[in-house]
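Reading the structure
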Amino acid sequence: RRGAGVKKGFLHEAKVEAPKDADRFVLEEAQGLLDKVDELHAEDCEETNPFRAKYQARELLQKMMKQLAACEWRGTTSSFEEVRVATSLRAEYMLGVNFYDCEETSSGEKTLVGAVERMRASPTFSRVALMDALNHLGMIWCGRSEYSRAREYLEQSLSLHGTGEERLAGAVDSPEGRQLTTTLFLMAQVHQHSGEAAQAAGLCQLTLDRQARGGLPAGRDEWVKNAIQLSGFFLSSGRSLSAARCLAAAEEVSSGGEVTSDSRAHLHWGWAKLHLCRLSDGRDAITGNQSSPPDPGPEAHFKMAGIQQHLPPHLSDTVRGCGVRDYDSALAVAKRAISHVTKVRGVLTLDEAASDNVAAAQDLSRVFAHLAALAPLDDDKTKLHKRRIDLLEPLVEQLNIAAFDWLCKETWVEVAEAYRDMFDIKVTQVEAGLKKVTQEKLVALADGSIKAYKRFLGLFEAPANDPDAKHETWPKGLPNPQQGIKEMRFRRWYLVARFSLARVISRKPSADLLGRKAYLTQAIDEYKTIVALCERLPFDKAGKERFDDELEICKEMVVLLPTKIARLHTLNPGKSGTG
């Protein structure tokens, strides 16, 4: 039969004759071919044929490997065979990398595994080539989400660099040093995907430091972004010193230029968040709230020069809230945060980056809130809450609800809380006889809080054409789970806001008994709604999110407020009219 027994692909496996001058080919020409392969691998190709140059390099490598095999024992010099074997091993490893770069990972893995085996068995193997081959095998298994297999190859690569401090002692810009940097970067990914966040962060920081000391390539901007992101991890772990070192390193790198205005803005934001966390932790310490100690983990250290000048004082990885001891020290930290947030919002404008602009404004509002909690004078507290309102209320009114639903919810709640806190402070001042505040002013503050809470709650209401809203078995006026409160943490957020709304309404002053009765009746309706919603959507008793204490108060108010309404004519409303 025509063609019977002909092996598929025979044209590609045609026998290659040995070069006429084996010595010249192995000792001189082969290196030139490898250099040509490196040039082809580095060539940028058109989008329509992105692997064109790499396919050309592959043809060169495959032909060359066959020529080298055909030259076996044909040389006339003492070093011939040693050079031939070493060159063949390098070509085989480069072919495996070529397959990987062309997204042919199965062929790449097979070729690299063979190359690694033969390099280990050869006394003339290239350590750098072996390290790179093992790193590529690690990348292949990372790409398959098989992180335990990736770890095996990466640990083999690490073992070639020695152990402990010896491993990190070499020059970072040498070929072996650059391979070690790559291995550490890949191992960080393995730890991250294995749930070992602290180890991953330590290796990421080590990688960034080695990259910076080794001479940053064109990716200086990407380096800064990675350092900012890493600082966020350390900050979330309560380790402000390590977070600050990452940001200080980013400052030093960005001073060399080639960093976008967006990255510089996010660097300012990183500093702002650092100082905001210091304020929050310091506030907890001063007010007696017990906060958990920082998470354990390796401390971030950068050996690159110039970092110390960017570090603020009084930072620690072992104690939260360092540098915030009282209102004056909190004010100093707050000024740093305010300066950085102002620069962020100057670059990430509302027109061009609405989400970031509003989120930065929320951070600024939180700075004011922390200061208000520590301010010794009530008038200072109210001024700070007023700054929160003036900052956020006009901003949230400009947002498109459909596009920024979550931001609108967060911001309306914060506006409501600021009005509520101002209202509480003013009522306390009036009741204690410390200050005269008109009832109209108190009503305006209460109305501001009520309006903001209702705007927040309204964002959970179903659209008019939502079929779930017309379901007969679902009580009218209650948001169903499909409207954003299915998860218990969101349900608690909704209920706490509704609980606060009921409390503000119940305390809203009025010039006459009919007005007070109307407000108390509205408050009863809110408390009843909360009780009904909790009965329809109870919290998991074994879950983290609970609403037990607030629910008990709601049930008590449903019973007590009608009695209060009946006795209003006998009760003293107090100086503020809120009693």
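My aim in this report is to walk through the structure given alongside it, one point at a time. (Residues numbered from 1 in each chain as written. Predicted model: local features only at pLDDT ≥ 70, side-chain atom pairs only at ≥ 80, totals over all residues. Heavy atoms only, no water.)

**With respect to the overall build of the protein chain**
As a reminder, the rule being used: Only DSSP runs of H or I covering at least 4 residues are called helices, and only runs of E covering at least 2 are called strands; the numbering of each starts at the N terminus. Radius of gyration: C-alpha atoms only; globule rule: 2.2 Å multiplied by the number of residues to the exponent 0.38. The buried label goes to any residue with under 20% of its type's maximum accessible area, the exposed label to any with over 50%, and the partly exposed label to all in between, with areas taken from a 1.4 Å probe on protein chains only. Contact criterion: two residues are considered in contact whenever any of their non-hydrogen atoms come within 4.5 Å of each other. The Shrake-Rupley method, run with a 1.4 Å probe sphere, supplies the accessible areas, and residue values consider only the shown protein chains as cover. Charge assignment in this entry is limited to Lys and Arg as positive and Asp and Glu as negative, and neither His nor the chain termini are counted. For the purpose of locating charges, the reference atoms are NZ of Lys, CZ of Arg, CG of Asp and CD of Glu.
On a plain count of helices and strands, the protein chain comes out with 20 helices and 0 strands. Relative to a compact globule of 579 residues, whose C-alpha radius of gyration would be 25 Å, the protein chain shows 34 Å and is clearly more extended. Taken along its principal axes, the extent of the C-alpha atoms in the protein chain is 120 × 65 × 45 Å. When the 579 residues of the protein chain are sorted by exposure, 46% land in the buried category. Residue pairs in contact within the protein chain that sit at least 24 positions apart in sequence constitute 71% of those at least 6 positions apart. Summed over its atoms, the accessible surface of the protein chain is roughly 29700 Å², and 51% of this surface lies on carbon and sulfur atoms. Across the protein chain, the 78 positively charged side chains and the 81 negatively charged ones have centroids separated by 5 Å.

**Topic: the pattern of salt bridges**
Definition in use: Just to be clear on terms, a salt bridge is a Lys or Arg side-chain nitrogen sitting within 4 Å of an Asp or Glu carboxyl oxygen.
Counted under the stated rule, the structure contains 32 salt bridges. Note that aspartate 363 and lysine 273 form a salt bridge whose closest N and O atoms lie 2.8 Å from each other. With aspartate 363 in helix H14 (residues 354-374) and lysine 273 in helix H12 (residues 261-287), the pair connects residues that are 90 residues apart, well separated along the chain. Looking at lysine 273, the relative accessible area reads 35%, which means it is partly exposed. One network of salt bridges, in which partners are shared, links Glu393, Glu397, Lys451 and Arg455.

**Examining empty space enclosed by the protein**
The test is simple: The way it works is a 1 Å grid over only the protein atoms, where trapped points that fit a 1.4 Å probe form a cavity and open points with protein on both sides within 12 Å along at least five of seven lines form a pocket, and then any residue with an atom within 4 Å of a point lines it. Grid points are joined across faces, edges and corners, and a volume is the space filled by probe spheres set on the points. Three classes are used, and their members are as follows: Ala, Val, Leu, Ile, Met, Phe, Trp, Tyr, Cys and Pro are nonpolar, Asp, Glu, Lys and Arg are charged, and the others, Gly among them, are polar.
What the rule picks out here adds up to 1 cavity of 30 Å³ or more. By volume, the largest cavity is sized at about 50 Å³. It is H12 that contributes the most residues to the lining of the largest cavity, 3 residues altogether. Along the lines of polarity and charge, the residues of the lining of the largest cavity split into 2 nonpolar, 3 polar and 4 charged.

**Considerations on the nonpolar core**
Within soluble globular proteins, side chains that are nonpolar generally end up buried alongside one another. What counts, and what does not: The definition of a nonpolar core used throughout is a set of buried Ala, Val, Leu, Ile, Met, Phe, Trp, Tyr and Cys residues joined through side-chain atoms within 4.5 Å.
Formed by 82 residues in total, the largest nonpolar core has its most connected members in Trp412, Leu495, Tyr527 and Phe547. Looking at this core element by element, the count peaks at 12 residues for helix H16 (residues 405-431). Setting aside chain neighbours within four positions, we find phenylalanine 547 in contact with Arg492, Leu495, Val496, Phe499, Ile530, Cys534 and Phe539. With 47 residues, the next largest nonpolar core counts Leu112, Leu137, Tyr147 and Leu184 among its residues.

**Description of the packing of H14 against H16**
Rules: Axis geometry follows a simple rule: fit a line to the C-alpha atoms, using only the stretch in contact for helices, then measure angles between N-to-C directions, giving values from 0 to 180 degrees. When an angle is under 35 degrees it counts as roughly parallel; over 145 it counts as roughly antiparallel; between 65 and 115 it counts as roughly perpendicular; any other value is oblique. Should the near helix be turned anticlockwise from the far one by less than a right angle, the crossing is termed left-handed; should it be turned clockwise, right-handed.
Contact geometry of H14 with H16 gives a least axis separation of 11 Å together with a crossing angle of 25 degrees. It follows that H14 is roughly parallel to H16 by the angle criterion. Regarding H14 and H16, the two cross each other, and that crossing is left-handed. Contacts from Ser355, Val358, Ala359, Gln362, Ser365 and Arg366 of H14 reach H16 at Leu407, Glu410, Thr411 and Glu414. Its residues placed into classes, the contact of H14 with H16 shows 3 nonpolar, 4 polar and 3 charged.

**Let's talk about the environment of phenylalanine 51**
Within the element layout of this structure, phenylalanine 51 appears in the loop between helix H1 (22-42) and helix H2 (52-70). Sequence separation between phenylalanine 51 and leucine 40 is 11 residues; the distance between their C-alpha atoms is 9.8 Å. Beyond its immediate stretch of four places on either side in the chain, phenylalanine 51 contacts Asp101, Cys102 and Glu103.

**Considering the environment of cysteine 408**
Within the element layout of this structure, cysteine 408 appears in helix H16. Accessibility expressed as a relative area gives 1% for cysteine 408, which makes it buried. Considered as a pair, cysteine 408 and lysine 575 are 167 residues apart in the sequence and their alpha carbons are 36 Å apart. When neighbours within four sequence positions are excluded, cysteine 408 is seen to be in contact with Val396, Leu399, Ile401 and Leu459.

**Quick word on the packing of helix H9 (residues 197-213) against helix H10 (residues 220-236)**
Between H9 and H10, the least distance of the axes is 11 Å, while the angle of their chain directions is 150 degrees. On the basis of their axis angle, the class for H9 and H10 is roughly antiparallel. As for how H9 packs across H10, the hand of that crossing is left-handed. The residues of H10 that touch H9, namely those facing Ala197, Ala198, Ala201, Cys204, Gln205, Leu208, Gln211 and Ala212, are Trp223, Asn226, Ala227, Leu230, Phe233 and Phe234.

**Let's talk about the side chain of glutamate 550**
When you line up the elements, glutamate 550 lands in helix H20 (residues 548-566). Non-local contacts of glutamate 550, meaning those with residues more than four positions away in its chain, are made with Arg492, Val496 and Phe499.

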